[in-house]
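Tertiary structure, described
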4 protein chains.
Amino acid sequence: MKERVYQANKRLPEEGLVKLTWGNVSEIDRDLGIIVIKPSGVDYQTMTVDSMVVCDLTGTPKEAKTLKPSSDIKTHALLYKHFEGVKAIVHTHSTNAVKWAQAQRDIPAYGTTHADTFYGSVPCTRPLRASEVTADYEKETGKVIVETFEKRGLDPLACPAVLTAGHGPFTWGQSAEQAVSNSIVLEEVAEMALGTEALTLERTPIADYLLDKHYFRKHGEHAYYGQG
Amino acid sequence: MKERVYQANKRLPEEGLVKLTWGNVSEIDRDLGIIVIKPSGVDYQTMTVDSMVVCDLTGTPKEAKTLKPSSDIKTHALLYKHFEGVKAIVHTHSTNAVKWAQAQRDIPAYGTTHADTFYGSVPCTRPLRASEVTADYEKETGKVIVETFEKRGLDPLACPAVLTAGHGPFTWGQSAEQAVSNSIVLEEVAEMALGTEALTLERTPIADYLLDKHYFRKHGEHAYYGQG
Amino acid sequence: MKERVYQANKRLPEEGLVKLTWGNVSEIDRDLGIIVIKPSGVDYQTMTVDSMVVCDLTGTPKEAKTLKPSSDIKTHALLYKHFEGVKAIVHTHSTNAVKWAQAQRDIPAYGTTHADTFYGSVPCTRPLRASEVTADYEKETGKVIVETFEKRGLDPLACPAVLTAGHGPFTWGQSAEQAVSNSIVLEEVAEMALGTEALTLERTPIADYLLDKHYFRKHGEHAYYGQG
Amino acid sequence: MKERVYQANKRLPEEGLVKLTWGNVSEIDRDLGIIVIKPSGVDYQTMTVDSMVVCDLTGTPKEAKTLKPSSDIKTHALLYKHFEGVKAIVHTHSTNAVKWAQAQRDIPAYGTTHADTFYGSVPCTRPLRASEVTADYEKETGKVIVETFEKRGLDPLACPAVLTAGHGPFTWGQSAEQAVSNSIVLEEVAEMALGTEALTLERTPIADYLLDKHYFRKHGEHAYYGQG
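Just so we're clear, the structure is a prediction, and the values are computed from it rather than from any experiment.

**Observations concerning the sheet that holds strand β3 (residues 53–55) of chain C**
All names here are of chain C. In spatial order, the strands read β3-β2-β1-β4-β6-β5; together these six strands make up an open sheet with antiparallel pairing. The open sheet is flanked by β3 and β5 (161–163), the only strands paired with a single partner. Ignoring strand direction, the axes of neighbouring strands in this sheet form an average angle of 20 degrees. The sheet contact formed by strand β1 (residues 23–29) and strand β4 (residues 88–92) spans five bridges and is antiparallel. Bridging across to β4, Gly23 finds its partner in Thr92.

See the structure below:
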């Protein structure tokens, strides 16, 4: 499990999703009651399989002699608690996704590249209030993500990504590998959507029937993409 | 033939035209009545020459024990049926071409980089109707491409590329290698045209005589570019 | 010290921050009264540890037989004189930071990626006057940077970067490595901010409490990011 | 000389200035009365030192058994004839420079990155007339470049670059290496200028005294940049 989390973290800079130490991948084992996550502020080049940090489900390190976990651990922990089917979470500051997060806008589903992975707009949360930021910031970041999905009636497995206003993206999945892939897709559709808006004044997402077609040809029991 | 299709598919991520498994190259042998195409959802790193899938001209795999062909096989098959001179087809989600497809706009011939390969605007299809998407989606995608060329009186050999509205580009050529080259050119002119529009309010393509000059110095019996 | 300055200079092209010979890193040893800097106009490939130039605190080479220091040495020297806590300085022409410098605009703190490193807008200086350019240009460049920080009451350690109008960025830090990292962050937030403005007509920086949270979770005595 | 031209041509794709076979470098030896240039339509990977083509000063190959020279040879030949100090010429379709050429706009000197190499705006020619395109296209391309410099009273050595309307850039220099460097700078300032215009409605170039300072600190008898 440490190995998988390590490999997934290593992919972040390789895929151009993070600079310096800006990003982290975690995985949960709900049976064992543990979350494994990247240590805080450690370079992707110098981190090792063993430096991955094992925490309990509140985000507290299990072992005494350990590196500190990513400062975002409490966001991860809260998301795992509320999003039951999720097994891995990725946080990055990937360039184009951050542009949308900073503009505090959802990313509309302008095309099938988007629809293949995200069933509808990728939502952007409301900005956090002063009291939420000063209190327990990273936990409140998780709470506003959950609030966004609940208020809009979104299924986190059908839309495995969110933008936190003024901050950046989180993605998740059934495995660390899939969660990283979802970060790759998010960054790509963020760039495509920005360019689409530069080319037309229309702000119309693709038709629902095309969204359905592309999403469900890849997901669910009638999926026929891939070797299944 | 499998080897050529394999090599052409491998070039897609190398040339920055696809991420993850988003793209496929096929080639047809009209005498043998077969199409060879990339298997569906398989990584470019793990695919092998042998995993290329041999189909008949309707897109049905010829052999029993085989991987499933790319889900876009029926689009390829329909294009081969109607575009007689075409020997290879490429589908990608390359970033800048998709921006235009999502904006549902033709790419105007703003310069000679475009004119060297595409004789006039690269057309964007109309969006598919609900009935077309829910019925036989991939085949209908091929049909709307053919409809676009027929309605506008375009020669698919003089304009070896199309954008499908809300989706992405298809290119083709006399060989898998040429079809991939055409995808490279399309992505490049898509980026250039976007930037051109950012720099001027004029939306005027180059003059017809310059389009003719550049296209015909590279194509047809009076071509004098290259070693001929 | 020459070794550190050499390594930091080598990172500039590796991180995509400079083309050709456009950039330089220096470090100061205030006890020894020396500044070590890249030689002027020498390729990053051909420079060696020994070709780093040792200057006194006015920017004059200490040794007779030496390469000429970067033409920007006097800017570095003046900044070291006025910004006491600074131990290393980097100058680049990185693409996105230069766009803002040429537009003669501050980079607003649109998000937490910015706030993690820069406590508020990254300031852009006023343009230099004709008399300043013709007199002692590189020294005057340093003086207008100091003027910008003093007039606005900015702490150079809390905002370790500046844009010089019509020219480009300077960053600094407690070490050559940190100063280069700050150049990486500056280039990234410059790109993000440009994209943010393309996506929304709002020009509102993030709330002060979010700026405080992110800046101070990484800096100062209450910092809890990293392994501390 | 073939070796130098070969090396300079090889740098074009390495520096990201060309795709496929879109670009060429030539060098002139005025004493020997020869121009050496890349062969037409040959890949940068498969070309060799020996495949470089030796032409006379009209652009006609000197040897019987030889590859055809780049189709742009007559443009090169005409520029060499009229621009006396020029020893090497580069033609590319580099992405950002082409955006400006397609927008048919000069690139203004928005900053010192530009001023370090180009003394004022990089000019864009008028579009060629139908009669010029159909007659002797490549030669007429050279003539309209010369016309642009003459009409505007520009010195080709002080502004070693031009954009041909609807087509792309040519740069030149005292050596093949310098001409390629000028193509790198042109592509970079084209990108910076585009971004600058996205950030401000001002369209004001830098002050003349700053342009003078930067240009002349690198060029002419009072230059003090580099080890000179």
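**Observations concerning the interface of chain A and chain B**
Taken together, the 29 residues of chain A in the interface contact 30 residues of chain B. At the junction of chain A with chain B, the criterion picks out four salt bridges. Remark: the boundary between chain A and chain B carries 14 residue pairs in polar contact (both at pLDDT 80 or more). Secondary-structure elements contributing two or more residues to the side of chain A that touches chain B are α4 (112–115), α7 (176–199) and α8 (208–218) of chain A. Sort the elements by how many residues they give to the side of chain A that touches chain B and α7 of chain A lands first, with eleven residues.

**Section: the sheet that holds strand β1 (residues 23–29) of chain D**
Residues and elements named next belong to chain D. Pairing is antiparallel in the open sheet, where six strands are placed in the order β3-β2-β1-β4-β6-β5. Each edge of the open sheet is held by one strand with a lone partner, namely β3 (53–55) and β5 (161–163). Mean inter-strand twist for the sheet, computed between neighbouring axes without regard to direction, equals 20 degrees. Across four bridges, the pairing between β1 and strand β2 (residues 34–37) is antiparallel. When the sheet's bridge partners are listed, Ser26 is paired in β2 with Ile37. Helix α1 (residues 2–14) contacts β1, β2, β3 and β4 (88–92) of the sheet and is inclined by roughly 155 degrees relative to β1.

**Notes on the packing of aromatic side chains**
Within this structure, the stated rule accounts for 24 aromatic pairs over all chains. Ring plane angle 55 degrees and centroid distance 5.2 Å describe the contact between Phe83 of chain B and Trp172 of chain B, whose orientation is recorded as tilted. Of this pair, Phe83 of chain B sits in the loop between α2 (73–82) and β4 (88–92) while Trp172 of chain B sits in strand β6 (residues 169–173), and the two are 89 residues apart along the sequence. Neither Phe83 of chain B nor Trp172 of chain B differs from the other in exposure class; each is buried. Grouped by ring-pair contacts, the aromatic residues Phe83, Phe149 and Trp172 of chain A constitute a single cluster. Between the NZ or CZ atom of Lys218 of chain A and the centre of the ring of Tyr225 of chain A, over which it lies, the distance is 4.2 Å.

Here is what the cut-offs are and how they apply
- Residues numbered from 1 in each chain as written.
- Chains lettered and ligands numbered in written order.
- Predicted model: local features only at pLDDT ≥ 70, side-chain atom pairs only at ≥ 80, totals over all residues.
- Heavy atoms only, no water.
- Pairing = 2+ DSSP bridges.
- Helix = DSSP H or I, 4+ residues; strand = E, 2+ residues; numbered from the N terminus.
- Axes fitted to C-alpha atoms, helices over the stretch in contact; angles between N-to-C directions.
- Contact = heavy atoms within 4.5 Å.
- Salt bridge = Lys/Arg side-chain N within 4 Å of Asp/Glu carboxyl O.
- Polar contact = N/O pair within 3.5 Å; in protein donor to acceptor, adjacent residues only side chain to side chain.
- Phe/Tyr/Trp six-rings, centres within 6.5 Å; stacked < 30°, edge-to-face > 60°.
- Buried < 20%, exposed > 50% of the residue type's maximum accessible area, 1.4 Å probe, protein only.
- Lys NZ or Arg CZ within 6 Å of the ring centre and 35° of its normal.

Nothing here speaks to function; it is all geometry.
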